[in-house]
Amino acid sequence: MEKLLDVRNLRTSFFTSDGEVRAVNDVSFHVGAGEVVAIVGESGCGKSVTQMSVVQLVQSPPGRILGGEVIFEGEDLLKYPRKSRKMMSIRGAKIAMIFQEPMTSLNPVLTVGSQLSEVIRTHTGARRKDAWNSGIKALESVGIPDPERRMKSYPFEMSGGMRQRVMIAIAAACNAKLIIADEPTTALDVTTQAQVMELLLSLVKERGTSLIIVTHNLGLVTRYADRIYVMYAGKIVESGTTRDLLTEPKHPYTAGLLRSVPRLDAQKDVDLVPIKGSPPNLAELDWRCAFLPRCRCALEGTCDKLKQPVLAPAGEREHFAACHLLTEVSEND
Amino acid sequence: MFGYFLKRILVSLLTLILVSIFAFSIIHLLPGDPVKLALGEAATEEKIAQTKEEFGLDKPQAVQYINWVRNILKGDFGRSILTRERITDLLKTRLPITLSLSIPALFIGVLTGVFAGVVSAVKRGTLLDNSLAFFANFCLGVPQFWIAIMGVYVLSRELHLIPLQGYVSPSESFSGFVSHAIWPVICISLSAFAVLARQTRSNVLEVIQQDYVRTARANGIAERSVITKHTLKNALIPVVTLIGMQMRVLVGGSIIVESVFNISGLGNLLVRGINSRDYFIVEACVLVISIVTVLANFMVDIAYGFLDPRIRKSWR
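What you are looking at is a predicted structure, and each value in this text was computed from that prediction instead of being measured.

Caption draft 1: Highlighting the environment of Thr-302 of chain A. Looking at the secondary structure, you find Thr-302 of chain A in the loop between helix H10 (252-259) and strand S11 (312-315). When its relative accessible area of 18% is taken as the criterion, Thr-302 of chain A is described as buried.

Encoded structure:
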């Protein structure tokens, strides 16, 4: 599959009074055309910052992209300054973003129509009237009833699910090649979650849009994603197809995540096992494996003596994991 | 929406009534007798009693208040105890003078203040931002009369750019009005500028952090529109409140500037009235200032509706 987005060795840090917070620490991932990719991890593991770095929207200061490449349609986006015309023409037009909080992600004092049609006008150069009509079509396409009237509504007059549909309509209106959905359903109830996800999926199917879902909800991605990247402490610790990751997790963290969520297909009386402890402070990262203090499988004499593990092949179909148990132990066996 | 306005109007009226009672009581509590001041030391008891009767000052205070209000409703503010001028006429000549200074001052102060605040916020942390912050703090910290006098010293005495003092009505000579009024207007506008610049800066900085501004940026909206359309409309809602408060300062607050430049506006009249315990002048001035304040607040409430659809929709 051709790579639409290829992120290589991306590093983003926040320079705070506590020191350098390495939010994204040498992260590489790629998304093919029409592919659905999930980035999974706990809050604060750097998954959102990774995506914000892709479109250079990391708040600066204190944030700074320190290195790496973001190759989109064959061009390295990091070569263009964040406020350049090129980046402006990518954001919203080619790479659209959908954020977590539908309550606050739309401007409260502007009508849905004015926000939607402004994006259309910005990227297509359409006239006001035409942009408005395209906006109506976009609202219709995401299943909002009575779109003419809804164009004149304000966000506070809509429900959370409806607002998230508006966000998707904005993304769909300009025929974005890639949609980055950052926790798109976290703030919604379960039925609405499913509707919003189906809507995103239909865009992928009908238009060949690629989709990145950033989430901490494993249950959500197992149903929809083709491939999964698991992030921990600013690094990707495991990646592979959804099926491989679910059936044969190679990193103890992935395995821990899977054990901590209830599954319908699990046998009865299987207890949920939480991962003990909390994620490390990204400003004070150890030179050893970042997951070591919480790892149930850590080997004394191996994991506590070695430097941070790097991603290594862990199975078929581009299955990778960064764990000493995989490399060191299997070699020594 | 009608119900909302009716409620606002009733609240405004109630405020005015309370302010008038308050103003009336306070001035009567001040030591000093305007009649004795007006007639001089040599006045006989008989003469004093006669004058008091003429102005109705011999009646109980409640009756005095009711008579005062009744006359005002007929458009009659009474006469000055000292000079026997009709106060309605005094207000008619003096209020336009004060307004001709304070309205331009309000415009200049609000426009420059909001503009400076936005620039500061957008250029946060730069030399420009720091300079503007310093200037705004300077305007707030240094007394108005000092700025007024220093300006006169430099611009008028040393550079001969503007006249020393006085006032020329714009209907008489517009260029004369401009040259006389320019420095007083700037002096009055400085406090509005400073207050609005600081408030606007912090509001814009707060709004710029909001999710919806991030959304606008993520959608590739041009930075100009991100600031003017997506940020400012939200950031200006609290600023409107301050503008309403500044309107009171501009009508009542020109007192100092009018004294420094010897301009016979409302502020000067109020000072004169207080000094001579001229009850009716003080009461009239206070009433006019509070009417302006109440009107300003009323307009602020309406402006809210235009800026914030959430409030506008709740009027229905």
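Caption draft 2: Region of interest: a nonpolar patch on the surface. Residue and element names in this part refer to chain B. Taken together, the side chains of Phe-134, Phe-135, Phe-138, Phe-145, Trp-146, Ile-149, Met-150, Tyr-153, Val-154, Leu-159, Leu-161 and Ile-256 make up a nonpolar region of the molecular surface, amounting to roughly 1100 Å² of accessible area. Mapped onto the nonpolar patch, the elements with two or more residues apiece are helix H6 (127-141) and helix H7 (144-158). Considering each element in turn, the nonpolar patch owes the most residues, 6 residues, to H7. Inspection of the secondary structure puts Leu-159 in the loop between H7 and helix H8 (174-208).

Caption draft 3: Quick look at the confidence of the model for chain A. Residue-level pLDDT values for chain A average 86, and 97% of them are 70 or greater. Across chain A, strand S3 (residues 36-40) of chain A holds the top mean pLDDT of 93, while helix H11 (residues 324-332) of chain A sits lowest at 66.

Caption draft 4: Examining the pattern of salt bridges more closely. Counting across every chain of the model gives 24 salt bridges over all chains. Linking Arg-8 of chain A and Asp-6 of chain A is a salt bridge whose minimum nitrogen-to-oxygen distance equals 3.0 Å. Overall, the relative accessible area of 10% leaves Asp-6 of chain A in the buried class. The partner of Arg-86 of chain B in a salt bridge is Asp-89 of chain B, and the shortest N-O contact between them spans 3.5 Å. With relative accessibility at 35%, the residue Arg-86 of chain B sits in the partly exposed group. Classification of Asp-89 of chain B as partly exposed rests on a relative accessible area of 37%. Overlapping salt bridges bring together Lys-3, Asp-6, Arg-8 and Glu-69 of chain A as one network.

Caption draft 5: The arrangement of the sheet that holds strand S2 (residues 19-32) of chain A in detail. Residues and elements named next belong to chain A. Spatially, the 4 strands line up as an open sheet ordered S2-S1-S4-S5, and their pairing is antiparallel. Each edge of the open sheet carries a strand with a single partner, namely S2 and strand S5 (75-76). Here strand S4 (residues 63-72) pairs with S5 via 2 bridges, running antiparallel. Within S5, the position partnered with Phe-72 by the bridge is Glu-75.

Caption draft 6: View of the nonpolar core. Grouped together as the largest cluster of nonpolar side chains are 119 residues, with contacts concentrated most on Leu-5 and Phe-29 of chain A. The leading source of residues in this core is helix H6 (residues 160-173) of chain A, at 8 residues. What Leu-5 of chain A contacts, discounting residues up to four positions off in sequence, is Phe-29, His-30, Val-31, Val-54, Val-70, Ile-71, Phe-72, Leu-178 and Ile-212 of chain A. Grouped together as the second largest cluster of nonpolar side chains are 27 residues, Phe-55, Trp-68, Leu-91 and Val-282 of chain B included.

Caption draft 7: The arrangement of the confidence of the model for chain B in detail. Residues and elements named next belong to chain B. Residue-level pLDDT values for chain B average 85, and 98% of them are 70 or greater. Element-level pLDDT for chain B is lowest in helix H2 (residues 34-39), with a mean of 77, against a maximum mean of 92 in H6. This prediction of the complex comes with two scores: 0.79 for pTM and 0.84 for ipTM.

Caption draft 8: Spotlight on unusual backbone geometry. All names here are of chain A. Here the phi dihedral of Asn-9 falls at roughly 50 degrees; this positive angle occurs in a residue that is not glycine. On the accessibility criterion, Asn-9 (41% relative accessible area) is partly exposed. With a phi angle near 55 degrees, Asp-146 is a residue other than glycine that sits in the positive phi range. The exposure class of Asp-146 is partly exposed, given its relative accessible area of 39%.

Caption draft 9: Representation of the sheet that holds S3 of chain A. Residue and element names in this part refer to chain A. Pairing is mixed in the open sheet, where 8 strands are placed in the order S6-S7-S8-S3-S9-S10-S12-S11. Because the sheet does not close on itself, it has two edges, and the strands there are strand S6 (95-98) and S11. Ignoring strand direction, the axes of neighbouring strands in this sheet form an average angle of 25 degrees. Against the sheet, H10 engages S3, strand S9 (227-232) and strand S10 (235-241), with an angle of about 105 degrees to S9.

Caption draft 10: Fine view of the packing of aromatic side chains. Using the criterion set out here, one finds 12 aromatic pairs over all chains in the structure. Residues Tyr-253 of chain A and Phe-291 of chain A carry aromatic rings whose centres are separated by 5.1 Å and whose planes lie at 70 degrees to one another, so their mutual orientation is edge-to-face. Here Tyr-253 of chain A is found in helix H10, whereas its partner Phe-291 of chain A is found in the loop between H10 and S11, with 38 residues between them in sequence. The class of Phe-291 of chain A is buried, set by a relative accessible area of 3%. Pairwise contacts between aromatic rings join Tyr-232, Tyr-253 and Phe-291 of chain A into one cluster. Lying over the aromatic face of Trp-287 of chain A, Arg-288 of chain A brings its terminal NZ or CZ to 5.6 Å of the ring centre. The side chain of Arg-214 of chain B reaches across the aromatic face of Phe-99 of chain A, ending 3.7 Å from its centre.

Quick notes on the rules
Residues numbered from 1 in each chain as written. Chains lettered and ligands numbered in written order. Predicted model: local features only at pLDDT ≥ 70, side-chain atom pairs only at ≥ 80, totals over all residues. Heavy atoms only, no water. Helix = DSSP H or I, 4+ residues; strand = E, 2+ residues; numbered from the N terminus. Buried < 20%, exposed > 50% of the residue type's maximum accessible area, 1.4 Å probe, protein only. Patch = residues over 30% accessible without salt bridge, like charges linked within 9 Å, V, L, I, M, F, W, Y side chains within 5 Å. Areas by Shrake-Rupley, 256 points an atom, 1.4 Å probe, with all protein chains shown as cover. Salt bridge = Lys/Arg side-chain N within 4 Å of Asp/Glu carboxyl O. pLDDT = per-residue confidence, 0-100. Pairing = 2+ DSSP bridges. Core = buried A, V, L, I, M, F, W, Y, C linked by side-chain atoms within 4.5 Å. Contact = heavy atoms within 4.5 Å. Axes fitted to C-alpha atoms, helices over the stretch in contact; angles between N-to-C directions. Phe/Tyr/Trp six-rings, centres within 6.5 Å; stacked < 30°, edge-to-face > 60°. Lys NZ or Arg CZ within 6 Å of the ring centre and 35° of its normal.

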